[in-house]
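This is what each chain is made of:
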Amino acid sequence: MEESNADAPITLDTFKKSYKPPRNTYKEVIEKIGLLDKIAVWITEHIGTMGFFLLIFIWTVLWLGWNLLAPKDLQFDPPMGFVFWLFISNLIQILLMPLIMLGQNIQGQHAEARAEYDLEVNLKAEKEIETILYHLEYQNSILIAMLKKQGISLDEALGKKV
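All values reported here derive from a predicted model rather than from experimental measurement.

About the cut-offs
Residues numbered from 1 in each chain as written. Predicted model: local features only at pLDDT ≥ 70, side-chain atom pairs only at ≥ 80, totals over all residues. Heavy atoms only, no water. Patch = residues over 30% accessible without salt bridge, like charges linked within 9 Å, V, L, I, M, F, W, Y side chains within 5 Å. Areas by Shrake-Rupley, 256 points an atom, 1.4 Å probe, with all protein chains shown as cover. Salt bridge = Lys/Arg side-chain N within 4 Å of Asp/Glu carboxyl O. Helix = DSSP H or I, 4+ residues; strand = E, 2+ residues; numbered from the N terminus. Axes fitted to C-alpha atoms, helices over the stretch in contact; angles between N-to-C directions. Parallel < 35°, antiparallel > 145°, perpendicular 65-115°, else oblique. Contact = heavy atoms within 4.5 Å. Nonpolar A, V, L, I, M, F, W, Y, C, P; charged D, E, K, R; others polar. Left-handed = near helix turned anticlockwise from the far one by under 90°. Expected span 1.5 Å × (residues − 1). Buried < 20%, exposed > 50% of the residue type's maximum accessible area, 1.4 Å probe, protein only. Arc of directions from axis to C-beta.

Chemist: Just to check I follow, could you spell out a nonpolar patch on the surface for this structure?
Modeler: Taken together, the side chains of Met50, Phe53, Leu54, Phe57, Ile58, Val61 and Leu62 define a hydrophobic patch exposed on the protein surface, amounting to about 710 Å² of accessible area. In this structure, Met50 sits in helix 4 (residues 50–69).

Right, here's the structure in full:
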């Protein structure tokens, strides 16, 4: 006949039922934002690449090289002034600056969501560790009770000389 103990730890099935399945925080954040915000994130992710840097670098080298080395009648932006090149470069910077900031804000929202989820996971892990420790304590008390019932001291069971 088995005795029921009110101090017994919860079962693994009961423990598992108390937790939610893992979440994809990136997907959650992306689903909440609108089309324009998604475009801003896409631009932010692609502007910060080596490919975009190389594109701007090659464009600049070709532009400046053409206007320095091409025959005078084929140059379209006077050398040493490069007014048109400066205008286009500044226009690109002015347009991309707020877009990148917006994209970074949205990426920041994702980072916050991920940090909150990490906290949830850490709290779950802490609860799991507490449950394991409680199970170990409970098993330890059962083993000690079994030893006492058999008339064996803990020191004898551990092989210590009394």
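Chemist: Where do I start with the packing of helix 3 (residues 35–47) against helix 5 (residues 83–150) in this structure?
Modeler: The axes of two packed helices give the description: the angle between them and the distance between them. It is at 8 Å that the axes of helix 3 and helix 5 come closest, and there the two elements cross at 105°. The angle between helix 3 and helix 5 places the two elements in the roughly perpendicular class. Two secondary-structure elements touch here, helix 3 through Asp37, Ala40, Val41, Ile43, Thr44, Glu45 and Ile47 and helix 5 through Leu96, Leu99, Ile100, Leu102, Gly103, Gln104, Ile106 and Gln107. Its residues assigned to classes, the contact of helix 3 with helix 5 shows nine nonpolar, four polar and two charged.

Chemist: For this particular structure, what's the right way to read the packing of helix 4 against helix 5?
Modeler: The contact between helix 4 and helix 5 brings their axes to 11 Å, and the two run at 165°. When the axis of helix 4 is compared with that of helix 5, the two are roughly antiparallel. Regarding helix 4 and helix 5, the two cross each other, and that crossing is right-handed. Where helix 4 abuts helix 5, its residues Phe52, Trp59, Thr60, Trp63 and Leu64 lie against Phe84, Trp85, Ile88, Ser89 and Leu96. Considered class by class, the residues forming the contact of helix 4 with helix 5 number eight nonpolar, two polar and no charged.

Chemist: Help me understand helix 4 in this model?
Modeler: For an α-helix, 3.6 residues make a turn, and residues three or four places apart therefore share a direction. The first and last C-alpha atoms of helix 4 sit 27 Å apart over 20 residues, in line with the 28 Å expected at 1.5 Å per residue. Listed in full, the buried residues belonging to helix 4 are Thr60, Trp63 and Asn67. Along the axis of helix 4, the buried residues cluster in a sector spanning 70°; they form a single face. Looking at helix 4, the residues exposed on the side facing more than 90 degrees away from the buried face are Met50, Leu62 and Leu69. Each element contacted by the buried residues of helix 4 is listed here: helix 5.

Chemist: I tried to follow the pattern of salt bridges on my own but got confused; where do I start?
Modeler: Pairing is possible between side chains that carry opposite charge, provided their charged atoms lie close to one another. Within this structure, the stated rule accounts for two salt bridges. In this structure, Glu28 and Arg23 form a salt bridge, with 2.8 Å as the shortest nitrogen-oxygen distance. Residue classification places Glu28 among the partly exposed positions, given a relative accessible area of 27%. In this structure Arg23 comes out as partly exposed when scored by relative accessible area, which is 31%.

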